[in-house]
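Structure at a glance
This is what each chain is made of:
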Amino acid sequence: MNNSLKKTRPYISVVSPVYGCESGLYELYQRLSKTLSDISPNYQIILVNDQSPDQSWSIIQKIAQKDSRVLGLNLSRNFGQHPAITAGLDRAEGEWVVVMDCDLQDVPEEIPNLHEYALNNELDIVFARRAIRNDSMVKRLSSHLFHVALDYFSGTKQDPATANFGIFSKRVVKALCSLREPIRAFPVQIKWLGFRRGSLDVRHASRAHGESSYSFGKQINLALNIILAFSDKPLRLAVKLGVTIALLSLIFTIYIILRSLVGGYSVSGYASLMASIWFLSGLLMFVFGVIGLYIGKIFEGVKNRPLYIIQSETPQSETPKNT
């Protein structure tokens with residue numbers, strides 16, 4: 001094939017999961033196009049519609065018709081933000097890949113700063129650190145509680161000022177895409193990979209489009225999923241709890257026996273019954289905790305279901321159109 005007809009490989013790709021942000025998609029595209037063209041004319045924008053209930057997919061299709069550097073992926077149902085990110089990363093072709101939210105709280109104009117910082121410091125991973133968060137008090141509080149719980153139970157240190165927004169080298173993305181466990185947690189998995197990592201303070205805009213889909217309940221569920229997938233601390237806590245209850249039952253057993261010896265109880269067999277109930281309750285809590293958590297993780301893994309299903313995608317031409 002003539003080299004002039006080959007599709008030029010993107011230098012930088014942007015992956016953005018889309019849910020409930022139809023009013024901001026055109027602005028997102030325009031600001032990304034302007035920003036990325038300052039870095040390289042060879043760029044790729046991947047918008048992953050996570051079955052948004054509005055007209056997001058229709059708008060993505062219109063944007064992709066105008067500019068073939070935009071790839072739209074339409075998932076068959078709502079798989080969640082992190083599987084949607086995985087779908088975009090699986091299709092990202094750039095030497096550098098940016099992950100960001102679609103609501104424009106992640107500022108597209110900060111991408112060149114992240115890119116330059118990664119190059120100057122020879123880093124593979126640069127997270128955008130929201131030094132000043134433009135979120136409501138309730139949102140900041142729930143996020144803080146989320147990270148406190150996550151830090152304690154997972155045994156890791158997560159910076160609440162960082163989220164998904166960042167820039168990542170191609171080899172990091174390739175390594176991440178090789179991890180196919182069903183429970184996805186993009187920032188946690190990125191940090192688990194290792195590589196040379198840093199963070200850069202960036203602007204964080206107030207929410208102008210849509211509403212956050214992460215309620216406090218969803219944050220709790222996400223934290224629980226991450227804890228079960230990336231830590232065995234709950235198992236160790238179950239062991240400690242079982243041992244503690246068993247010790248307390250032993251102390252209580254001694255108390256009951258001593259009291260029964262001095263005539264404190266008139267019911268025959270009371271001492272042995274109470275001792276057995278307390279002791280066995282502690283052991284059962286420990287055993288069921290260990291078995292239940294492991295079975296849950298095994299059950300999710302052995303099904304070997306795909307992380308996401310793409311219902312449709314926008315067609316890609318060989319050469320980008322003029323915009």
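Residue numbers restart at each chain and count upward from 1, following the sequence in its written direction. In keeping with the model being predicted, local features are shown solely for residues with a pLDDT of at least 70 and side-chain atom pairs are shown and tallied solely at 80 or more, while totals for entire chains, interfaces and linings include all residues. With hydrogens and water stripped out, all remaining heavy atoms of the structure feed into the side-chain values.

A look at the overall build of the chain
Definition in use: Put simply, DSSP H or I for four residues or longer makes a helix, DSSP E for two residues or longer makes a strand, and each gets a number counted from the N terminus. Buried means the residue's accessible area, taken with a 1.4 Å probe over protein chains only, is under 20% of the maximum for its type, while exposed means over 50%, and partly exposed covers the values in between. In this description, contact between two residues means that some pair of their heavy atoms is separated by no more than 4.5 Å.
Helices and strands together make up the secondary structure of the chain, namely ten helices and eight strands. Going through the 323 residues of the chain one by one, you find that 43% of them count as buried. A separation threshold of at least 6 residues defines the contact pool for the chain, and within that pool the share at least 24 residues apart is 83%.

Considering the confidence of the model for the chain
The following threshold applies: pLDDT is a per-residue confidence score from the predictor, ranging from 0 to 100.
Taken residue by residue, the chain gives an average pLDDT of 80. The fraction at 70 or more is 75%. Ranking the helices and strands of the chain by mean pLDDT puts strand S4 (residues 96-99) first, with 96, and helix H5 (residues 137-154) last, with 65. Contacts from residues 1-6, a stretch scored under 50 in pLDDT, to residues over four places away or in other chains number three contacts. Note that pLDDT drops below 50 for residues 318-323; the model gives that stretch 16 contacts with residues more than four away or on any other chain.

Focus: helix H6 (residues 170-177)
This is how it is decided: Comment: arc refers to directions from the helix axis out to C-beta atoms.
All of the buried residues along H6 are Val172, Val173, Leu176 and Cys177. Seen end-on, H6 carries its buried residues on one side only, within an arc spanning 130 degrees. Among the structural elements, helix H3 (81-91), S4, strand S5 (125-130), strand S6 (162-169) and helix H7 (186-193) are those in contact with the buried residues of H6.

What about the sheet that holds strand S3 (residues 70-75)?
Which entries qualify depends on this criterion: Pairs of strands are assigned from DSSP output, requiring at least two bridges between the strands. The angle between two axes is taken between their N-to-C directions and runs from 0 to 180 degrees, where each axis is a line fitted to C-alpha atoms and a helix contributes only its stretch in contact.
If you trace the eight strands from one edge of the open sheet to the other, you get S7-S5-S6-S4-S1-S2-S3-S8, paired in mixed fashion. The open sheet terminates on both sides in strands that have one partner only, identified here as strand S7 (197-202) and strand S8 (310-313). Geometrically, the sheet is characterised by an average inter-axis angle of 20 degrees between neighbouring strands, direction not taken into account. Both strand S2 (residues 43-49) and S3 contribute to a ladder of five bridges, which runs parallel.

Re the side chain of Ser52
What counts is decided by this rule: Under the rule applied, a polar contact is a pair of N or O atoms within 3.5 Å (in protein, one hydrogen donor and one hydrogen acceptor; residues adjacent in sequence only if both atoms are side-chain atoms).
Inspection of the secondary structure puts Ser52 in the loop between S2 and helix H2 (56-66). The buried category is assigned to Ser52, whose relative accessible area is 9%. Separated by 2.7 Å, the side chain of Ser52 and the backbone nitrogen of Gly20 make a polar contact. In contact with Ser52, other than residues within four places in its own chain, are Val18, Tyr19 and Gly20.

Some details on H3
With nine of eleven residues buried, H3 lies mostly within the body of the structure. The set of residues buried in H3 consists of Gln81, His82, Pro83, Ala84, Ile85, Thr86, Ala87, Gly88 and Leu89.

So, the packing of H6 against H7
Stated formally: Here the word oblique covers every angle except those under 35 degrees (roughly parallel), over 145 (roughly antiparallel) and from 65 to 115 (roughly perpendicular). Here is the rule for handedness: rotate from the far helix to the near one, and if that takes an anticlockwise turn smaller than a right angle the crossing is left-handed, while a clockwise turn gives right-handed. Ten residues, namely Ala, Val, Leu, Ile, Met, Phe, Trp, Tyr, Cys and Pro, are considered nonpolar, four, namely Asp, Glu, Lys and Arg, are considered charged, and the remaining ones, Gly among them, are considered polar.
Taken N-terminus to C-terminus, the directions of H6 and H7 make an angle of 110 degrees; their axes are 10 Å apart at the nearest point. Relative to H7, H6 is oriented roughly perpendicular. Note that H6 runs across H7; the crossing there is right-handed. Across the interface between the two elements, Val172, Ala175 and Leu176 of H6 pack against Phe186, Gln189, Ile190 and Leu193 of H7. The residue makeup of the contact of H6 with H7, split by class, is six nonpolar, one polar and no charged.

Quick notes on unusual backbone geometry
Backbone geometry at Gln51 places phi at a positive 50 degrees, although glycine is not the residue there. Here Gln51 lies in the loop between S2 and H2. The exposure class assigned to Gln51 is partly exposed, which follows from its relative accessible area of 29%. Not every positive phi belongs to a glycine, and Glu122 is a case in point at roughly 50 degrees.

Details of the packing of aromatic side chains
Formally: By convention, a stacked pair of Phe, Tyr or Trp rings (six-membered ring in the case of Trp) has centres within 6.5 Å and planes under 30 degrees apart, an edge-to-face pair has planes over 60 apart, and any other such pair is tilted.
Scanning the model with the defined rule gives two aromatic pairs in all. Here the aromatic rings of Phe127 and Phe168 are separated by 5.6 Å at their centres, their planes lie at 75 degrees, and the arrangement is edge-to-face. Taken together, the positions of Phe127 in strand S5 and Phe168 in strand S6 put the pair 41 residues apart, joining distant regions of the chain. Take Phe127 and Phe168: they sit in the same class, and that class is buried. On the numbers, 5.3 Å between centres and 85 degrees between planes, the contact of Phe168 with Phe186 is edge-to-face. Taken together, the residues span a long stretch of sequence, with Phe168 in strand S6 and Phe186 in helix H7 at a distance of 18 residues. Residue classification places Phe168 among the buried residues on the basis of a relative accessible area of 1%.

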